[in-house]
Amino acid sequence: MADLSLLQEDLQEDADGFGVDDYSSESDVIIIPSALDFVSQDEMLTPLGRLDKYAASENVFNRQMVARSLLDTLREVCDDERDCIAVLERISRLADDSEPTVRAELMEQVPHIALFCQENRPSIPYAFSKYLLPIVVRYLADQNNQVRKTSQAALLALLEQELIERFDVETKVCPVLIELTAPDSNDDVKTEAVAIMCKMAPMVGKDITERLILPRFCEMCCDCRMFHVRKVCAANFGDICSVVGQQATEEMLLPRFFQLCSDNVWGVRKACAECFMAVSCATCQEIRRTKLSALFINLISDPSRWVRQAAFQSLGPFISTFANPSSSGQYFKEESKSSEDTSVEDKNRIRDQEVPEDVQIRPEDVSSDPSISNSSVKLENMVEDHAETSRKSPGEISVPMDSSLLCTLSSESHQEAASNENDKKPANYKSALRPEGGASSPDSALLDQELYNSFHFWRTPLPEIDLDIELEQGCGNTLSPERPEETSEVTAPGSSNITMATRKELEEMIENLEPHIDDPDVKAQVDVLSAALRASSLDAREEASDAERRSDVQDGLGVNEPPNCKINHDASVPLIRDAVENMESTLCYIHNDSDLSTNSSFSPDEERRSKVQDVVPQALLDQYLSMTDPSRAQTVDTEIAKHCAYSLPGVALTLGRQNWHCLRETYETLASDMQWKVRRTLAFSIHELAVILGDQLTAADLVPIFNGFLKDLDEVRIGVLKHLHDFLKLLHIDKRREYLYQLQEFLVTDNSRNWRFRAELAEQLILLLELYSPRDVYDYLRPIALNLCADKVSSVRWISYKLVSEMVKKLHMATPPTFGVDLINELVENFGRCPKWSGRQAFVFVCQTVIEDDCLPMEQFAVHLMPHLLTLANDRVPNVRVLLAKTLRQTLLEKEYFLTSASCHQEAVEQTIMALQMDRDSDVKYFASTHPASTKVSDDAMSTASSTY
């Protein structure tokens, strides 16, 4: 009765809104109108009548309900175009409602109504553009904050769904936004309008953004009165840059970006630091290296801690924008070429250069060419008077050029150009080219291999070199057209300037590199160092004998000398000589690159030089390496090490594996960090880093850290476990087998309730089956799989059934299939005859998975598994018999083997099904007699197994 009285009071208060008299004129008895009366009254009205009735109500709630029901009203009258137009006109009138909640409710419905108009465009053409869009645009400047926010969200939703025509964007939306961002506009409205302009730029495209949005955006970046506007511009700067492209970014936006980065409000500078990567991606490499890197260093050293914190978080992503596509395969634009295409194209361009039969290179011609004078091979004489003599000599130096020499020249030229900044020691001598003959074929082949090896191609793709080559008649050496691949005669006089200390250090380095000779890069370095050592020990020949040998070569080649040229034992190879010449400046680098940094004693200056590279500005890399400094956690961010670990794979990809020595120490520091979140981050990405570094560096540097993660907290181990297959497949087979002994440790967790850990282990073991031999699978993975099949959690058990079935398939396909038979016998013994009903149920699940995934031929299944499966028809637990009935009816009898062949196995199955159809349990009867609609084994497994225990 109390509830009834309350209802009477409510109806009494709302009666006026529905045109009902409150009291009778003759008595004081309250007339309580029934709700059915109102329903009957509304049913008598047309949809437009109801709309007009409640839209004119003074009750705000009624008008809100009108706005909420506009879409339903449109659907009711969609067949009549005039009624649709009438509803849209009512919407226009409702948009003038004085109550903000009504306007906000209306705006929330506009995207849905616009979508309806789009779908029914033939009936109501241009309805959205004429009736709805003006309301959305007008509400952008509404006095009420809630209405403005709702209209902004509606506008972005309409643009995202492409419901606004391009013409309307240019003529109705953009002009309003530009007007709202005028200097005399309201501060809040201006800030919101700038944000809308920035967010809509990616949706409207480059053309509209450049013509209509970009000029006003540049003005707003310099708004001196409102720092909130500048902050919004800075926060969205990267999005604008990515839309307008490189040219507009460099010409119009970068000056504004430099201003924002030096803004006097730290919030603006922080927003610039957060979007720095996106801005960098929209600029060329030169500007990125020369201007943006210096600007970023300023942000890293900003007085505000919050700016420094944001800068360090963006440091790794910013470094990744320096990636060279030809070496890392990373791209920022779709039109970029693939790394393979780039390198192949460069090499083919050099190899396809036509080389005439008679090619002569004069010393003065070669040395005067800029591309050659900067290369590591100096085609000059050792002493000045010798150079004069050779220039005045009537006989020119004849050097047949081939692609291998050009490749070597270009590669070494790039290396010296990259190292000139750090190598301040001048060259002690310069090598010269001269002809020489008489060398034996094996030695020549050996030196040719040293001259042309993979060491020269570990850097960026080969640049195109235009040699200044003059053709003269009647000269000596010619390159046989039939054998263009033959190496050229390259000899050089001069005495060795290598000191005994340097020679001794070379010997020590070769000795230290020997254990790592399996690494192709290390082998290439050993070859170069060995050749350099031999070159340093050769005695210099006299200048007079030089001319004599030249004449002997010319005579020999003219009579019986084969077309291929020989390299003199007694002369230093220019490339090797130059490698020795610059060895002192690169010793520390080679030590680090050959994984021997721990065995070398470096001075502080050498340690600093060991982390020098030429891919990114060194100042940026130094700042990134300093993120592991404990002082950074106190002055910048307590989680700065985590940010460093998160971006390390990207930095490593940018630097390339040849510069891994720069990051090795930092990675080891992060791997031993006290915060488990840092180690967890590394554990989740170690497989990606292994792909970047390759198998040799992975085995040397990542495997020890990987082993440490295996013994870490569960929060760290899960990262390793989730990508266990991805990491192990990169290792050598012998190294991979070592982890077979540790897989059992994953069954032990800090918290026994952490069942997802075991489920992930089962998932990974399925993938690991392909990496190991049948014997290893049987000896090491089989016990783990059977253990997981008896897990307490049904989700773990179900994945394990899949694991065991795949294991049966692999072992059965092995030769001989004895391991598969042994595994099947173990399944029968441990599960098919298990005293626990859950074990017997697991056996049925395994059989069901084996049948469904065709893990065994049906003939083999009928022999090895089916007899034991059919015996469970007499099991005393109904759950086992129910699952057996499902398996036989839904899975086994669907196989062609049992549909076409009339064998004894088919007869046994039919007899078992008939017995199950007469079972005393109704569920068993049902599944044995009918064919249920659901045949998903996973659903059956989860539903049945989850109720086991």
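- Under an unreviewed UniProt entry, the name given to the protein is Serine/threonine-protein phosphatase 4 regulatory subunit 1, and the source organism is Mustela putorius furo.
- Quoted verbatim from the Subunit (unreviewed entry) heading of the UniProt record, the comment on the protein is "Serine/threonine-protein phosphatase 4 (PP4) occurs in different assemblies of the catalytic and one or more regulatory subunits. Component of the PP4 complex PPP4C-PPP4R1. Interacts with HDAC3."
- The Function (unreviewed entry) comment attached to the protein in UniProt states, word for word, "Regulatory subunit of serine/threonine-protein phosphatase 4. May play a role in regulation of cell division in renal glomeruli. The PPP4C-PPP4R1 PP4 complex may play a role in dephosphorylation and regulation of HDAC3. Plays a role in the inhibition of TNF-induced NF-kappa-B activation by regulating the dephosphorylation of TRAF2."

**Quick word on the overall build of the protein**
(1) Moving on: On a plain count of helices and strands, the protein comes out with 52 helices and zero strands.
(2) Moving on: Each of the 949 residues in the protein was classed as buried or not, and the buried ones make up 50%.
(3) Moving on: When the accessible surface of the protein is split by element, carbon and sulfur atoms take 50% of a total near 44,900 Å².

**A look at the packing of aromatic side chains**
(1) Moving on: One pass over the full model with this rule turns up 17 aromatic pairs.
(2) Moving on: Between Phe 217 and Phe 237 the ring centres are 5.6 Å apart and the planes differ by 55 degrees, which places this aromatic pair in the tilted class. In this pair, Phe 217 sits in helix α12 (residues 206-221) while Phe 237 sits in helix α14 (residues 237-244), placing the two residues 20 residues apart along the sequence. Considered together, Phe 217 and Phe 237 belong to a single accessibility category, that of buried residues.
(3) Moving on: An aromatic cluster of three or more residues is present, and its members are Phe 217, Phe 237, Phe 257, Phe 276, Phe 296, Phe 318 and Phe 322.

**As for the nonpolar core**
(1) Moving on: If you look at the biggest cluster of nonpolar residues, it comprises 165 residues, and the most contacted ones within it are Phe 237, Tyr 624, Leu 728 and Phe 861.
(2) Moving on: A per-element tally of this core places helix α37 (residues 676-710) first, with 15 residues.
(3) Moving on: Beyond its immediate chain neighbours, meaning those up to four positions away, Tyr 624 contacts Leu 315, Gly 316, Ile 319, Cys 644, Ser 647, Leu 648, Val 651 and Leu 663.
(4) Moving on: Residues Val 136, Leu 159, Leu 163 and Leu 180 belong to the second largest nonpolar core, which totals 58 residues.

**Quick notes on the environment of Pro 878**
(1) Moving on: Along the chain, Pro 878 turns up in helix α48 (residues 878-891).
(2) Moving on: Classification of Pro 878 by relative accessible area gives partly exposed; the value is 30%.
(3) Moving on: Counting along the chain gives 41 residues from Pro 878 to Asp 919, while the straight-line C-alpha distance between them is 9.4 Å.
(4) Moving on: Other than its neighbours up to four places away in sequence, Pro 878 contacts Asp 921 and Val 924.

**Some details on the pattern of salt bridges**
(1) Moving on: Inspection of every chain in the model, using the stated rule, returns 33 salt bridges.
(2) Moving on: Measuring nitrogen to oxygen at the nearest pair gives 3.1 Å for the salt bridge that ties Arg 211 to Asp 207. Linking Arg 211 with Asp 207, this pair stays in helix α12, spanning four residues, or about one helical turn.
(3) Moving on: The exposure class of Arg 211 is partly exposed, given its relative accessible area of 41%.
(4) Moving on: Among the ionic contacts, a cluster of salt bridges with common partners joins Arg 166, Glu 170, Asp 207 and Arg 211.

**A few points about the packing of helix α38 (residues 714-722) against helix α41 (residues 755-768)**
(1) Moving on: Two elements in contact, α38 and α41, have axes separated by 10 Å at closest approach and are oriented at 20 degrees. Between α38 and α41, the interaxial angle falls into the category roughly parallel. In the packing of α38 onto α41, the handedness of the crossing is left-handed. Of the residues in α41, those in contact with Asp 714, Arg 717, Ile 718, Leu 721 and Lys 722 of α38 are Phe 757, Glu 760, Leu 761 and Gln 764.
(2) Moving on: Looking at the contact of α38 with α41, its residues break down into four nonpolar, one polar and four charged.

**Observations regarding the UniProt feature "repeat: HEAT" (unreviewed entry) in the protein**
(1) Moving on: Here, UniProt's "repeat: HEAT" (unreviewed entry) annotation points to residues 132-170 and 173-212.
(2) Moving on: For residues 132-170, the helix share is 74%, the strand share is 0%, and the end-to-end C-alpha distance is 16 Å.
(3) Moving on: Counted over residues 173-212, helix gives 82% and strand 0%. Its end C-alpha atoms are 11 Å apart.

**So, helix α50 (residues 904-917)**
(1) Moving on: A rise of 1.5 Å per residue sets the reference length of α50, with its 14 residues, at 20 Å; its end C-alpha atoms lie 20 Å apart and thus fit the reference within 8%.
(2) Moving on: Buried within α50 are the following residues: Gln 906, Val 909, Thr 912, Ile 913 and Leu 916. Summarising the axial view, the buried residues of α50 lie within an arc of 125 degrees, below the 170-degree limit, and thus occupy one face.

**Quick look at the packing of α37 against α38**
(1) Moving on: One can describe the packing of α37 onto α38 by two numbers: an axis separation of 5 Å at closest approach and a directional angle of 40 degrees. Of the two elements, α37 crosses α38, and the hand of that crossing is right-handed. Seen from α37, the contacting residues are Trp 676, Arg 679, Arg 680, Ala 683, Phe 684, Phe 706, Phe 709 and Leu 710; seen from α38, they are Glu 715, Val 716, Arg 717, Ile 718, Gly 719, Val 720 and Lys 722.
(2) Moving on: The residue inventory of the contact of α37 with α38, partitioned by class, reads nine nonpolar, one polar and five charged.

**Describing the environment of Ala 785**
(1) Moving on: Along the chain, the position of Ala 785 falls in helix α42 (residues 774-789).
(2) Moving on: Of the residues examined, Ala 785 reaches a relative accessible area of 1% and is grouped as buried.
(3) Moving on: Expressed as a C-alpha distance, the spacing of Ala 785 and Met 807, which sit 22 residues apart in the sequence, is 8.8 Å.
(4) Moving on: Setting aside residues no more than four positions away along its own chain, Ala 785 makes contact with Ser 800, Leu 803, Val 804 and Met 807.

**A closer look at a negative patch on the surface**
(1) Moving on: Taken together, the side chains of Glu 507, Glu 508, Glu 511 and Glu 514 present a region of like negative charge at the surface.
(2) Moving on: Among the structural elements, Glu 511 can be located in helix α27 (residues 500-513).

**Topic: the environment of Ala 282**
(1) Moving on: Turning to its location among the elements, Ala 282 is positioned in the loop between α17 (276-281) and α18 (285-300).
(2) Moving on: Taking the C-alpha atoms as reference points, Ala 282 and Thr 321, separated by 39 residues in sequence, lie 9.7 Å from one another.
(3) Moving on: The contacts of Ala 282, once residues within four sequence positions are left out, are Cys 241, Gly 245, Gln 246 and Thr 249.

What counts, and where the lines are drawn
- Residues numbered from 1 in each chain as written.
- Predicted model: local features only at pLDDT ≥ 70, side-chain atom pairs only at ≥ 80, totals over all residues.
- Heavy atoms only, no water.
- UniProt positions renumbered as here; feature names shortened; annotations may be inferred.
- Helix = DSSP H or I, 4+ residues; strand = E, 2+ residues; numbered from the N terminus.
- Buried < 20%, exposed > 50% of the residue type's maximum accessible area, 1.4 Å probe, protein only.
- Areas by Shrake-Rupley, 256 points an atom, 1.4 Å probe, with all protein chains shown as cover.
- Phe/Tyr/Trp six-rings, centres within 6.5 Å; stacked < 30°, edge-to-face > 60°.
- Core = buried A, V, L, I, M, F, W, Y, C linked by side-chain atoms within 4.5 Å.
- Contact = heavy atoms within 4.5 Å.
- Salt bridge = Lys/Arg side-chain N within 4 Å of Asp/Glu carboxyl O.
- Axes fitted to C-alpha atoms, helices over the stretch in contact; angles between N-to-C directions.
- Parallel < 35°, antiparallel > 145°, perpendicular 65-115°, else oblique.
- Left-handed = near helix turned anticlockwise from the far one by under 90°.
- Nonpolar A, V, L, I, M, F, W, Y, C, P; charged D, E, K, R; others polar.
- Expected span 1.5 Å × (residues − 1).
- Arc of directions from axis to C-beta.
- Patch = residues over 30% accessible without salt bridge, like charges linked within 9 Å, V, L, I, M, F, W, Y side chains within 5 Å.
- Lys, Arg positive; Asp, Glu negative; His and termini not counted.
- Charge placed at Lys NZ, Arg CZ, Asp CG, Glu CD.

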